[in-house]
Amino acid sequence: MHWKTRLLHMTAKVPEGFRSLVSPVHRGSTVVFDRQRDAHDNWRADQEGYAYGLFGTPTVLELGARIADLEGARHSFVVPSGMAAIALVYLACCRPGDHVLLPWSAYGPNVELTRFLTDFGVEIEQYDPMLGEDLASRIRENTALVWVESPGSITMEVQDVPAIVKAAHERGVQVALDNTYAAGVLFDAFAAGVDISIQALTKYVGGHSDLLMGSVSVRDDSGYERIGSTWRLLGMGVSPDDASRALRGLQTMGLRLEQLERSTLIVARWLKDQPQIARVLHPALPDCVGHEFWKRDFTGSASLFSVVFAPQVTAAQVSDLADALQLFDAGYSWGGVRSLAMTYPTRRDLARRYGGEILRLNIGLEAPDDLIADLQAALGTLR
Ligand SMILES: *Cc1c(COP(=O)(O)O)cnc(C)c1O
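Q: What is the right way to look at the overall build of the chain in this model?
A: Counting secondary structure elements, the chain contains 12 helices and 11 strands. For 383 residues, the compact-globule formula gives about 21 Å, and the C-alpha radius of gyration of the chain, at 23 Å, lands near that figure. Dimensions of the chain, computed from the C-alpha atoms along their principal axes, are close to 80 × 50 × 35 Å. Excluding contacts between residues fewer than 6 apart, the proportion of contacts in the chain whose partners are at least 24 apart in sequence is 71%. Averaging the positions of the 36 positive and the 46 negative side-chain charges in the chain gives two centres separated by 4 Å.

What follows is the structure, encoded as structure tokens:
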């Protein structure tokens, strides 16, 4: 054969039987088959076999299988971001004329996406995250989906998920949970009866602020069919290189979560004692709305919480204070190894609701004493 052909068709041999501790990175758009007939028979395969790289190579399917195993799910679909996971749930579960219930504490971009869905004839109604079983009164004939997000974004309200599930299921309505805070492990979504559990793997699974990914996990066959049939059409493929990075992240997630929980509680408890701080909204501390549900339903806490400043502290002062921090960067997303601080100037509703300016902190792997010294110096600028 000409060398140009040999460049493409391997005739050389490598030894067989290589084994290591690392999951291999399988790349590929085209999947090849032994025979034409196999190619045709396999086109629908998405879990048992391989048909096309878009539906996952072994690296991506291994990540999905590990997430499903951790969450106790029937199956986990891996998608390009947490937002893609949220969008997939809407597109799979909602049709024109449907009604959806979403807590006002939900992740901001999820709320923004609902405005887009309104144009497609889906009506989205916000509800008080603390409604619990009383959510029943908000469910209509055409309610197709109830979202829960616990704790909520920014103000961290912990919801009574089992009570909401009961109210929804009694009326035949499915419940989807954004389980990102719990990393799919600190809250057992399926034991609480949730039908669909999504995560931004971007946060704790990735864990190093260097990848974007999401998962949609389903409890049963009907969820698998509903999500899977939509997922196959939307082109939500994931890079095997990113999946490999997420697989690496999983290996250290136990250690990271343990240390983050400890450091975060040290910083949160210190902040609680500062005169400029009125309230610390951390699910494991009693100031947080729904703390009792956290105690009942969660096996741990994570790295994210917010503080409410004393009423006399202004938004401009909090913004200056955040800028004065040396170890906390200003930045979206969280769950990595570095500490972050964010203000939310567009969420005046939250400042009004809690009677003071709000600063959200993500604690990283820095020594907590250094973070406290940094916060102390910045708080000193308020006087
Ligand atoms: C970050 C986040 C998402 C979105 O994840 P991306 O991967 O950034 O799209 C969804 N839900 C919650 C609660 C988040 O914090």
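Q: Would you mind going over the domain arrangement of the chain with me for this structure?
A: When the parts of a complex come together, some accessible area is lost, and that lost area is often taken as the interface size. Domain assignment breaks the chain into domain 1 (36–248) and domain 2 (253–382). A straight line from the C-alpha centre of domain 1 to that of domain 2 covers 27 Å. Between domain 1 and domain 2, the contact holds 27 residues from the first and 34 residues from the second. For the pair domain 1 and domain 2, the summed buried surface comes to about 2,800 Å²; carbon and sulfur atoms form 66% of the total. Ranking the residues of domain 1 by area buried against domain 2 places Ile154, Leu186 and Tyr204 at the top, with a combined share of 28%. Inspection of the domain 1/domain 2 interface yields 1 salt bridge. Across the pair Arg296 and Asp160 runs a salt bridge, and its minimum N-O distance is 2.6 Å. A breakdown of the residues in the side of domain 1 that touches domain 2 according to their chemical character gives 15 nonpolar, 9 polar and 3 charged.

Q: How should empty space enclosed by the protein be read in this particular structure?
A: A probe matching the size of a water molecule, rolled over the atoms, marks out where space remains unfilled. Using the criterion set out here, one finds 2 cavities of 30 Å³ or more in the structure. Here the largest cavity is characterised by a volume of approximately 50 Å³. Lining the largest cavity are Leu304, Gly331, Ser333, Trp334, Leu340, Ala341, Met342, Tyr344, Arg360, Leu361 and Asn362. Sorting the residues of the lining of the largest cavity by element identifies β10 (340–343) and β11 (358–362) as the ones contributing at least two each. Among the residues forming the lining of the largest cavity, the class breakdown is 7 nonpolar, 3 polar and 1 charged. Estimates place the volume of the second largest cavity at around 30 Å³.

Q: Even after reading the chapter, I still don't get the pattern of salt bridges, so can you show me in this structure?
A: Between side chains of opposite charge, a pair can form when the charged atoms approach closely. Tallied over the entire structure, the rule returns 18 salt bridges. Here Glu125 and Arg138 are joined by a salt bridge, their closest N and O atoms 2.8 Å apart. Here the residue Glu125 occupies a position in strand β3 (residues 123–127), and Arg138 occupies one in the loop between β3 and β4 (143–149), the gap between them amounting to 13 residues. For Lys166, the salt bridge is made with Glu170, and the minimal N-O distance between the two is 3.5 Å. Of this pair, Lys166 and Glu170 both sit in helix α6 (residues 161–170), 4 residues apart, which is roughly one turn of the helix. With relative accessibility at 41%, the residue Lys166 sits in the partly exposed group.

Q: Mind showing me how you'd approach the site of the ligand here?
A: Not every one of the 14 residues close to the ligand is listed here, only the nearest: Gly82, Met83, Asp178, Thr202 and Lys203. Met83 has a polar backbone atom sitting 2.9 Å from an oxygen atom of the ligand. With the chains in place, 91% of the 380 Å² that the ligand exposes on its own is no longer accessible. The pocket occupied by the ligand, as judged from atoms lying within 2 Å of grid points, is the largest pocket. Broken down by element, the shell around the ligand gets its largest block of residues, 3 residues, from helix α4 (residues 82–93). Of the residues in the shell around the ligand, the class split is 6 nonpolar, 5 polar and 3 charged.

Criteria and thresholds
Residues numbered from 1 in each chain as written. Predicted model: local features only at pLDDT ≥ 70, side-chain atom pairs only at ≥ 80, totals over all residues. Heavy atoms only, no water. Helix = DSSP H or I, 4+ residues; strand = E, 2+ residues; numbered from the N terminus. Rg over C-alpha atoms; globule rule 2.2 N^0.38 Å. Contact = heavy atoms within 4.5 Å. Lys, Arg positive; Asp, Glu negative; His and termini not counted. Charge placed at Lys NZ, Arg CZ, Asp CG, Glu CD. Domains from an automatic or database assignment. Buried area = accessible area lost by both parts, 1.4 Å probe. Salt bridge = Lys/Arg side-chain N within 4 Å of Asp/Glu carboxyl O. Nonpolar A, V, L, I, M, F, W, Y, C, P; charged D, E, K, R; others polar. 1 Å grid on protein atoms, 1.4 Å probe; cavity = no way out; pocket = protein on both sides within 12 Å on 5 of 7 lines; lining within 4 Å. Points joined across faces, edges and corners; volume = space filled by probe spheres on them. Buried < 20%, exposed > 50% of the residue type's maximum accessible area, 1.4 Å probe, protein only. Near = heavy atom within 4 Å. Polar contact = N/O pair within 3.5 Å; in protein donor to acceptor, adjacent residues only side chain to side chain. Areas by Shrake-Rupley, 256 points an atom, 1.4 Å probe, with all protein chains shown as cover. Sits in = over half its atoms within 2 Å of the grid points.

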